[in-house]
Amino acid sequence: VTVSDQQLPTRSSSPLPGRPEAQANLADILERVLDKGIVIAGDIQINLLDIELLTIKLRLLIASVERAREMGINWWESDPSLQNLGPGHGADDDRLERENRELRDRLERIERQLGSGDG
Amino acid sequence: MDDELDLWAARRAPRLLAQAEAQAVAVLRDALVKAARREGRDDPMPAPPDRPAAAPLPTGEIVWAYCVVRAQDAPPVEIEGVAGGRVERIEAHGLAALVGRVPAAHFTAEPLREHLNDLAWLEEVARAHEAVLQQAFAAATIVPLRLCTLYESDEGVRRMLDHERAMLIDALDRLQGLQEWGVKVIVDPERLAHAAGEASPQAATYEQELAQRTGGGAYMLRRRLERHVRERADALASDVAAAVHARLQDWAVDAVARPAQNRELSGHDGEMLLNAAYLVEAQRVDGLHALADELEDDHAHLGARIELTGPWPPFNFVEGAIG
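About the criteria used
In every chain, residue numbers begin from 1 and rise along the written sequence. Lettering for chains starts from A, numbering for ligands starts from 1, and both go in the order in which the items are written. It should be noted that, the model being predicted, local features are given only for residues of pLDDT at least 70 and side-chain atom pairs only at 80 or more, the latter also being counted only at that level, while totals for whole chains, interfaces and linings use all residues. Note: side-chain values were computed over all heavy atoms of the structure, leaving out hydrogens and water. The helix count covers DSSP runs of H or I at least four residues long, the strand count covers runs of E at least two residues long, and both are numbered beginning at the N terminus. Polar contact criterion, stated in full: a pair of N or O atoms within 3.5 Å, where within protein one must be able to donate a hydrogen and the other to accept it, and residues adjacent in sequence count only if both atoms are side-chain atoms. For this analysis, residues touch if any pair of their heavy atoms sits within 4.5 Å. Only buried Ala, Val, Leu, Ile, Met, Phe, Trp, Tyr and Cys residues count toward a nonpolar core, and they belong to the same one when joined by side-chain atoms within 4.5 Å. Three labels apply to residues, based on accessible area from a 1.4 Å probe with only protein chains included: buried if under 20% of the type maximum, exposed if over 50%, partly exposed otherwise in between. The predictor reports its confidence for every residue as pLDDT, a score running from 0 up to 100. Between Lys or Arg on one side and Asp or Glu on the other, a salt bridge is scored when a side-chain nitrogen of the former is within 4 Å of a carboxyl oxygen of the latter. Between the first and last residue of a helix there are one fewer steps than residues, each counted as 1.5 Å, and that sum is the expected span. By the convention used here, strands pair only if DSSP detects at least 2 bridges between them. Axis geometry follows a simple rule: fit a line to the C-alpha atoms, using only the stretch in contact for helices, then measure angles between N-to-C directions, giving values from 0 to 180 degrees. Note on terminology: angles under 35 degrees are roughly parallel, angles over 145 are roughly antiparallel, angles of 65 to 115 are roughly perpendicular, and the others are oblique. Under this grouping Gly is polar, as are all residues other than the nonpolar Ala, Val, Leu, Ile, Met, Phe, Trp, Tyr, Cys and Pro and the charged Asp, Glu, Lys and Arg.

So, unusual backbone geometry
All names here are of chain B. The amide bond that connects Gly310 to the next residue, Pro311, takes the cis arrangement and shows omega of -5 degrees. With respect to the helices and strands, the residue Pro311 is situated in strand β9 (residues 305-312). Even without being glycine, Ala83 reaches a positive phi, approximately 60 degrees. Here Cys148, not a glycine, exhibits a phi torsion of approximately 70 degrees, which is positive. Looking at the element boundaries, Cys148 is found in the loop between β4 (143-144) and β5 (150-151).

Focus on the side chain of Asp28 of chain A
Note on placement: Asp28 of chain A falls in helix α1 (residues 26-33). A polar contact is formed between the side chain of Asp28 of chain A and the side chain of Gln261 of chain B, at a distance of 2.7 Å. Those residues in contact with Asp28 of chain A that sit more than four places away from it in its chain are Lys184, Gln261, Thr309 and Trp312 of chain B.

Observations concerning the nonpolar core
Counting 44 residues, the largest nonpolar core has Trp64, Tyr66, Phe107 and Leu150 of chain B as its most contacted members. When contributions to this core are tallied by element, the ones reaching two or more residues are α1 of chain A together with β1 (61-70), β3 (95-103), α2 (104-107), α3 (109-116) and α4 (119-139) of chain B. It is α4 of chain B that provides the largest number of residues to this core, a total of ten residues. Leaving out residues up to four positions away in the same chain, Tyr66 of chain B has contacts with Gly81, Val82, Val87, Leu98, Val99, Gly100, His129, Val132, Leu133, Pro144 and Leu145 of chain B.

A look at the confidence of the model for chain A
Residues and elements named next belong to chain A. With 35% of its residues at a pLDDT of 70 or more, chain A has an overall mean of 57. Looking over chain A, one finds the lowest element-wise mean pLDDT in strand β1 (residues 10-12), namely 38, and the highest in α1, namely 85. Counting interchain partners and residues more than four positions distant, the pLDDT-below-50 stretch residues 1-21 has 44 contacts.

Quick notes on the pattern of salt bridges
Residue and element names in this part refer to chain B. Under the criterion given, the structure shown has 14 salt bridges over all chains. In this structure, Glu88 and Arg86 form a salt bridge, with 3.9 Å as the shortest nitrogen-oxygen distance. Residue classification places Arg86 among the exposed positions, given a relative accessible area of 62%. One network of salt bridges, with partners in common, ties together Arg86, Glu88, Arg101 and Asp154.

Looking at α4 of chain B
The end-to-end C-alpha distance of α4 of chain B, which contains 21 residues, comes to 30 Å, matching closely the 30 Å that a straight helix rising 1.5 Å per residue would cover. Within α4 of chain B, 15 of the 21 residues are buried, leaving the element largely enclosed by the surrounding structure.

A closer look at the pairing of strand β2 (residues 88-92) of chain B
Residue and element names in this part refer to chain B. In this sheet, β3 lies alongside β2 in antiparallel orientation, the contact comprising five bridges. Across the sheet, residue Glu91 finds its bridge partner in β3, namely Ala96. From the end of β2 to the start of β3, which pair antiparallel, there are two residues, and His93 there has a positive phi angle of about 50 degrees.

Thoughts on the packing of helix α7 (residues 189-198) of chain B against helix α9 (residues 215-249) of chain B
Residue and element names in this part refer to chain B. Put simply, α7 and α9 touch, their axes get as near as 8 Å, and they point 105 degrees apart. Regarding the angle of α7 to α9, the classification is roughly perpendicular. Two secondary-structure elements touch here, α7 through Leu192, Ala193, Ala195, Ala196 and Gly197 and α9 through Val229, Arg232, Ala233, Leu236 and Ala237. Of the residues that constitute the contact of α7 with α9, the class distribution is eight nonpolar, one polar and one charged.

So this is what it looks like as structure tokens:
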């Protein structure tokens, strides 16, 4: 029996009739083979959680960041592969938080100013 | 005069808000990119392009490991693996690793670093790795290894099987007869917002007030209403995700929720509320499917789609780094 990932049952609960099974979604595969699966140190030391993978992860991440942020989801802040930032990272974090707070304050001030006209 | 001020303010407001939001997003993005650059910087920053090409490319072949199985169930794998290599097995102490040969010129640390940043290359290798695991998994219990588990020789693989024997046997026992299923819940964001607004008395109050206002006052009120609905929609989204996850979990031995996927890679339309994996006994899979259909119907008013993928090898349930 030959199984290829084309035949990987990617079943939607409402499949279009007569449509061949779609090829497995790349996101489904990458989030598994890159991020999951058991990690056993081989002879060739390539740490996927190194710069390289992080670049990839960022690419995977970046487009959903804005929406996630809006929803208050910030799991990447507790993802060790994005966390192990070495010295100086705390200061940067603080700066980011401060800037965000300042922006939010500014926004509220502007809105208050605009809103005071109708009060 | 007041009205004119209101109008002037109302005209300026969208731009100011857009600017502020754009700034906030830019700051966040900069911080993430900076974090990425700094990560793992024990060795210097990404090597400069004009780095002396002193080291000659390694020659010969090295060993790519796919997964570990019990020696007695070692399944035949007939498809080509990574880099077109034949899939073989290496046995030691009752365990077998499925492996393939890959050219050292592309799979030792240095060239790998470059290749891994090439999404097309990564896709090819990832799909090949996954396809081998799928075929093995169709016939046996397997412990999937992460991409790029590489050995210089067969001897290295035997040593690994020997060192990790207890852990591997434990994992094989635990995973016997189990399958991983992926479940995604995707809704129509407009219908989600609509449902959230309908359910909120506060939103109704805003709308009544809004009907009596004009100019800048109306503009601000509308913004407040929009923000309120957005917050209610986000709360509804979390509730739906949590409820669906809880129901599906009842069918599973183990479950994990993962971050929503990036639209560019997954190509999904709508809002992905849940991206989770469930470890399910093979004989309960039909029940999982029936439940997914039922949950989809329950959330039809949100335009919900519940997508199941699987069976996957148990990638999400062999957590842990070893060695």
